[in-house]
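# Fold and contact review
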Amino acid sequence: MANVDYKELKKGGFMKQVDKDRFSLRLRIVGGQIKSEQLAKINEIAQKYGAGYVHMTARQGIEIPFIKLQDIEVVKEELAKAGLQPGACGPRVRTITACQGSAICPSGLINTTELAKEFDERYYARELPHKFKIGITGCRNNCLKAEENDIGVKGGMMPTWMEHKCIYCGLCEAVCPVKVIQVKKQERQLFFNEKNCIYCGKCVKVCPTSAWEGKSGFVVYFGGLFGNKISIGKQLFPIIFSKEVLHKIIEETLMFFEERGKAGERFGTTLDRVGWDLLKNRLMELLESEEEFS
Amino acid sequence: MSNLKRTSFVDITDVVCPMTFVKAKIAMEELEAGEILEIKMNEGEPILNVPRSFKEEGHKVLDVINNGDGTFTVFVEKGE
């Protein structure tokens, strides 16, 4: 088996194992979801071409270990029959991860599954100076750990109080984690310190009379790493509400990394080197032109 | 103190999720529509989830008293 282009194989999701001429095949999974018939196909491939098991990766991926070099083409064909593809490795945008979000989870504030599909279509496997991870979490509970990613998106909710619907029961005050709501029952008054609101949406979720109305949005974090070096992604601007603007922010950020990043340098390290303000100013300029903060 | 007159009372501070809502729900089942259940619960997860679950099942939270000791007393009117 001479002239094996391992780099090319890795690009296509075939990870070289310690065992000679065996590969762990990484699959393209979006937002941690897979159809049951696709799972059946994976089962079939693992039994026929692998070692009868799969490995679930740290970022919601599935790998089928022990694929033989000579079986790679036929395995690809089998995967294609079920609408499956090998995943991306190397210096590119990796698996888009997501929690179940508002479609399933009572705490969810954004439709993470739908967003993951859009991210996958637009950004997956895009070539960059180094690996690039994007993750989406539906709310501040942060089950998907947004800040671990090069770009992390977290669902948020901006509440607005509708005075005429309020019965002054005090439930919102009781659940607010940052104590920015104060209800005076006798006086039938409510005070909301919007400036310090963290957009968790809990007041909206609990209100028995829907006197709190919520507008869903996205809180974005940049430059998170959780490998050899650990650093927590940073928020560079307030919550945004438009999905199209979110896409523009991501496009601009990927372009920035492509222009400024050195090969083999993670995004957070690039930002440390060139200065975070460089990215921040560029994104703020974009947001102002979109009138997101008008 | 709330001005509301309760029909029944249940203390769920001695159980944890998911038994908090189960215990409260069983107490609610004894009531007729329009009657009021008074529930004592802990801060944190119970105050966030139990009233919300009652809302989802068609009942209505009327009043919440912060007892100042890490517990809340919640008055819920049974729905139709």
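Residues numbered from 1 in each chain as written. Chains lettered and ligands numbered in written order. Predicted model: local features only at pLDDT ≥ 70, side-chain atom pairs only at ≥ 80, totals over all residues.

## Considering the overall build of chain B
The helix and strand tally for chain B stands at two helices and four strands. The order of helices and strands in chain B, counted from the N terminus, is β-α-β-α-β-β. For chain B, whose C-alpha radius of gyration is 11 Å, the value lies close to the compact-globule estimate of 12 Å for 80 residues. (Helix = DSSP H or I, 4+ residues; strand = E, 2+ residues; numbered from the N terminus. Rg over C-alpha atoms; globule rule 2.2 N^0.38 Å.)

## Description of the sheet that holds strand β1 (residues 8-11) of chain B
Remark on secondary structure: sheet strands pair via backbone hydrogen bonds, oriented parallel or antiparallel. All names here are of chain B. Judged by pairing direction, the sheet is mixed, and its four strands sit side by side in the order β1-β2-β4-β3 without closing on themselves. In the strand order of this sheet, the two ends are held by β1 and β3 (60-66), each with one partner. Between one strand axis and the next, the sheet turns through 20 degrees on average, direction left out of account. Relative to strand β4 (residues 71-77), strand β2 (residues 36-42) runs antiparallel, the two sharing seven bridges. Directly across from Leu 37, in β4, lies its bridge partner Val 76. (Pairing = 2+ DSSP bridges. Axes fitted to C-alpha atoms, helices over the stretch in contact; angles between N-to-C directions.)

## Side note on unusual backbone geometry
For the bond from B:Cys17 to B:Pro18, the omega torsion is 5 degrees, close enough to zero to count as cis. Along the chain, B:Pro18 falls in the loop between β1 and α1 (19-29). In the Ramachandran plot, A:Lys145 falls in the positive-phi region, its phi being about 55 degrees despite a non-glycine side chain. With respect to the helices, strands and loops of the structure, A:Lys145 is situated in the loop between β6 (134-137) and β7 (151-161). Residue A:Lys145 is classed as partly exposed on the basis of its C-beta count, with 17 C-beta atoms lying within 10 Å. (Buried ≥ 20, exposed ≤ 12 C-beta atoms within 10 Å, placed from the backbone.)

## Brief notes about the packing of helix α7 (residues 243-260) of chain A against helix α9 (residues 276-289) of chain A
Residues and elements named next belong to chain A. α9 packs onto α7 with a crossing angle of 150 degrees between their chain directions and a minimal axis gap of 10 Å. Pair α7 / α9 crosses with right-handed handedness. Packed against α7, whose contacting residues are Lys 248, Ile 249, Glu 252, Thr 253 and Phe 256, the element α9 presents Leu 279, Arg 282, Leu 283 and Leu 286 at the interface. Per-class residue counts for the contact of α7 with α9 are five nonpolar, one polar and three charged. (Left-handed = near helix turned anticlockwise from the far one by under 90°. Contact = placed C-beta atoms within 7 Å. Nonpolar A, V, L, I, M, F, W, Y, C, P; charged D, E, K, R; others polar.)

## Focus: the sheet that holds strand β10 (residues 212-222) of chain A
Residue and element names in this part refer to chain A. An order of β5-β6-β7-β10-β13 is seen for the five strands of this open sheet, with the pairing classed as mixed. The open sheet has two edge strands with one neighbour each: β5 (97-98) and β13 (234-235). As defined by bridge partners, β7 adjoins β10 across 11 bridges and the pair is classed as antiparallel. Pairing of Thr 160 across the sheet is with Glu 213, part of β10. With respect to the sheet, helix α4 (residues 112-123) is in contact with β5 and β6, its orientation differing from that of β6 by roughly 165 degrees.

## Let's talk about the confidence of the model for chain B
When pLDDT is averaged along chain B, the result is 93; 99% of the residues meet or exceed 70. Among the prediction metrics, the complex's ipTM stands at 0.88, with pTM recorded as 0.89. (pLDDT = per-residue confidence, 0-100.)

## Comments concerning α4(A)
Residues that lie three or four places apart on an α-helix share one face, since the helix turns once every 3.6 residues. All names here are of chain A. Between the first and last C-alpha of α4 there are 16 Å, a value that for 12 residues agrees with the 16 Å anticipated at 1.5 Å per step. Taken as a whole, α4 has its buried residues at Thr 112, Thr 113, Leu 115, Ala 116, Phe 119 and Tyr 123. For α4, the angular spread of the buried residues around the axis is 160 degrees, confining them to a single face. Buried residues in α4 make contact with β5, β6 and α7. (Expected span 1.5 Å × (residues − 1). Arc of directions from axis to C-beta.)

## Considerations on α9(A)
In this model α9(A) runs 20 Å from its N-terminal to its C-terminal C-alpha over 14 residues, within 8% of the 20 Å that 1.5 Å per residue would give. A:Glu291 sits one or two positions beyond α9(A) and adopts a positive phi of about 55 degrees.

## Topic: the pairing of β6(A)
Residue and element names in this part refer to chain A. Residue alternation in β6 divides its side chains into two sets, Ile 134 and Ile 136 and Gly 135 and Thr 137, and both sets are buried. Inspection of the sheet shows β5 paired to β6 by two bridges, in the parallel sense. By the bridge assignment, Ala 98 is partnered in β6 with Ile 136. Of the crossover connections in this fold, the one passing from β5 over α4 to the parallel β6 is left-handed. As paired strands, β6 and β7 are joined by four bridges and run parallel to one another. Counterpart to Ile 134 in the pairing with β7 is Ile 151. (Right-handed = clockwise from strand over helix to strand, strands pointing away.)

## Let's talk about the environment of A:Ile181
All names here are of chain A. Among the secondary structure elements, Ile 181 is positioned in strand β8 (residues 181-184). Sequence-wise, Ile 181 and Arg 26 are 155 residues apart; in three dimensions their C-alpha atoms are separated by 48 Å. Dropping the residues within four chain positions of it, Ile 181 is found in contact with Cys 172, Glu 173, Cys 176, Leu 190, Phe 192 and Cys 203.

## Description of the domain arrangement of chain A
Residue and element names in this part refer to chain A. Structurally, chain A comprises domain 1 (6-81), domain 2 (97-156 + 216-289) and domain 3 (158-215). Taken together, the contact pairs six residues of domain 1 with eight residues of domain 2. A breakdown of the residues in the side of domain 1 that touches domain 2 according to their chemical character gives one nonpolar, four polar and one charged. (Domains from an automatic or database assignment.)

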